[in-house]
Amino acid sequence: MIGISDYLRILRRRRVLLWSVFGVVFVIAVLVTLALPSVYTSSGTILIEQQEIPAEMVKSTVGGYAAERMQAISQQVMTTANLGGIIQKYNLYADERQRDTLATVVEQMREDILLTPVSANVVDPKSGKPTTATIAFTLAYSNKSPELAQRVANELATLFLNENLKQRTQQTREASRFLAAEAEKWQAQVTQLENELSSFKGKYGEVLPELAQINQQAMQRAEQQLSEFDQRIRVQEDRRIALQGQLAQLSPNSTLYSTEGKPILGNESRLKSLEAEYVSRSASYGPDHPDIIKMKKEIEALRKEVASTETAASLAARQQQQQAELQSLRERYSADHPDVKRLERQIAETESALSRASSQQSQRAALASKPDNPVYIQMQAQLQAAESELKSLQLSKKQAEAKIGELEQRMKQMPEVQQQYSKLLAELDSARKNHADISAKQVQAQLSEALEKEQKGERFTLVEPPPLPEDPASPNRPAILFLGLMLAAAAGVGTVAMRENIDQSLYGAASVNDVLGISPLATIPYILTERDQASQRRQRRLILVMLLVLALVLVLVIHFFIMPLDIIWFSVLRRLGI
């Protein structure tokens, strides 16, 4: 069983090896720490300021959270073109550009850029609940040169500010243009629908749904008028029948009387009366009696007058017969045949004679048919008035029936027209509503665009420009030295342990007892010779030299990489109050 005393004897026995390994490893660690290049980081803070005009008055068209926009801007800023331009401008990564491609160098630069959001607990103005929001972000760049780190960090901060302003202005301008185009499109659709509605009203103006009640009332009035017309027509028909009956019982002509008080007869009646009287007188007087001669002449004149009527009828019969003969001759002969010519001339003469006879007969008939009975004339006038009134009522009835038919057709078309009319109105209302909404949004977008142009909206402000770094940000040399110290100690102890394990020598009575199982009878102490003493002195001097070297290295590291020794000295004096 090995105890602490055994460990201490081992360390004392292997102290030269322990300190040698420890010293070598620690020196290597110190050299590595000194060899690592210093990297300086310059960091600036960009504040995300809210818009100056309240959002209730002017709502911005730039959406999304600040963290999302920050990442989007980061992607736009840290493109290969932008970073390549910065690399060329400040001659960054000169050694890397000689052996690597531009994409690899740009990727390395992206690793040297650090974008860190700064969040804070705020109250959401919409929900009124506490939440965490990004209020700022830090932008840092690391480089071996502190001046380059500061200049590149300032360049990147400027790119972030400009890109944010550019994106916001572009987004609001695009939103305004898009809404303007949409407003024009909806205005055109509204105009088209208004024209269609106007044409529809022009085509179905009397069948529109808003005229349904008017058409219904017109239908009722037309049906009422039709009923009244039927009733009045029946009254007029009864009256006409009554007048026709009364008129049939009256003679159209009044009986005329001569100066002797005898009634004046017509031609035929007078002819018959004269012929009867002539027969009676012929029995009493001779043929040369003046009365017989006068009566005979009067009879001949009357016969000619009566015969003229019969002549017109005979001329008409003759004309028909001649027409039939002409048709028959035309079927057998040509138009130039003498018989055809002769018959055509005869037909022309017959037509001329028939025309004259008809004219004379008409004149006589007119004179003979003109009534002169006042009662008959009055009754005939009432009959004509009744017939005229009846015709007027029948015409009005037809107009009423046509009106009812037209109204029925309107009522029949009304459901289909109403459906199409409602569809057009719905489309027009929807288009007008959309146009109004888009127009309102367009005005809002124009205000938002003006807000961004005047930089009154949400913006990035560089509240803390990247300073010139005074101390390197990396490497952490004290930590590396501490790690090297721990590693040196572990290496020394491990080497001693390994050397002790592979050493088969026995040291002390305990080792003999462990191997042989018996204790030695006596032990002889180690006798130092002059040679051993000289060796021990050399080892002590070596250890002292190593400790001095380590102390010197430690002092140099503290002076150059942690804090200058004069500052430490003055700090100690100040703490001691000296």
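Provided above is the structure to which this section pertains.
What counts, and at which threshold
- Residues numbered from 1 in each chain as written.
- Predicted model: local features only at pLDDT ≥ 70, side-chain atom pairs only at ≥ 80, totals over all residues.
- Heavy atoms only, no water.
- Helix = DSSP H or I, 4+ residues; strand = E, 2+ residues; numbered from the N terminus.
- Contact = heavy atoms within 4.5 Å.
- Pairing = 2+ DSSP bridges.
- Patch = residues over 30% accessible without salt bridge, like charges linked within 9 Å, V, L, I, M, F, W, Y side chains within 5 Å.
- Areas by Shrake-Rupley, 256 points an atom, 1.4 Å probe, with all protein chains shown as cover.
- Salt bridge = Lys/Arg side-chain N within 4 Å of Asp/Glu carboxyl O.
- Polar contact = N/O pair within 3.5 Å; in protein donor to acceptor, adjacent residues only side chain to side chain.
- Axes fitted to C-alpha atoms, helices over the stretch in contact; angles between N-to-C directions.
- Parallel < 35°, antiparallel > 145°, perpendicular 65-115°, else oblique.
- Left-handed = near helix turned anticlockwise from the far one by under 90°.
- Nonpolar A, V, L, I, M, F, W, Y, C, P; charged D, E, K, R; others polar.

Draft legend 1. Looking closely at the environment of Leu565. Tracing the sequence through the fold places Leu565 in helix H16 (residues 565-576). Once the C-alpha coordinates of Leu565 and Val555 are considered, the two residues, ten residues apart in sequence, prove to be 8.0 Å apart. When near neighbours in sequence (up to four residues on either side) are disregarded, Leu565 contacts Val555, Ile558 and His559.

Draft legend 2. Fine view of the pairing of strand S3 (residues 130-143). The sheet contact formed by strand S1 (residues 40-49) and S3 spans eight bridges and is antiparallel. Directly across from Leu47, in S3, lies its bridge partner Ala136. Summarising the sheet, strand S2 (residues 113-123) and S3 pair through eleven bridges and their orientation is antiparallel. Residue Leu115 lies in a different strand from S3, and its bridge partner there is Leu139.

Draft legend 3. Spotlight on a nonpolar patch on the surface. A cluster of nonpolar side chains, contributed by Val24, Ile28, Val32 and Leu36, occupies part of the molecular surface with about 310 Å² of accessible area. Within the element layout of this structure, Ile28 appears in helix H2 (residues 15-35).

Draft legend 4. Summary view of the side chain of Ser42. Here Ser42 lies in strand S1. For Ser42, the side chain forms a polar contact with the main-chain oxygen of Pro467, separated by 2.7 Å. Setting aside residues no more than four positions away along its own chain, Ser42 makes contact with Leu139, Ala140, Tyr141, Ala149, Gln150, Ala153, Pro466, Pro467 and Pro469.

Draft legend 5. Here's a closer look at the sheet that holds strand S6 (residues 459-464). Strands sit in the order S2-S3-S1-S6 across an open sheet of four strands; the sheet is antiparallel. Whereas interior strands pair on both sides, the edge strands pair on one side only; in this sheet they are S2 and S6. Here the average twist between neighbouring strands, direction ignored, is 30 degrees.

Draft legend 6. A look at the pairing of S1. Sheet topology places S1 next to S6; five bridges connect them, and they run antiparallel. In the sheet register, Ile46 faces S6, and the bridge partner there is Leu462.

Draft legend 7. Highlighting the environment of Ala400. Residue position: Ala400 is located in helix H12 (residues 374-453). Distance from Ala400 to Glu223, taken between C-alpha atoms, is 7.6 Å for residues 177 residues apart in sequence. Setting aside residues up to four positions removed in sequence, Ala400 forms contacts with Ala222, Leu226 and Phe229.

Draft legend 8. Highlighting the packing of H2 against helix H13 (residues 477-502). Relative orientation of the contacting elements H2 and H13 amounts to 155 degrees, with a least axis distance of 8 Å. By the angle between their axes, H2 is roughly antiparallel relative to H13. For the pair H2 and H13, the sense of crossing is right-handed. Class assignment of the residues belonging to the contact of H2 with H13 gives a composition of 18 nonpolar, four polar and two charged.

By themselves, these are just geometric observations and shouldn't be taken as functional.
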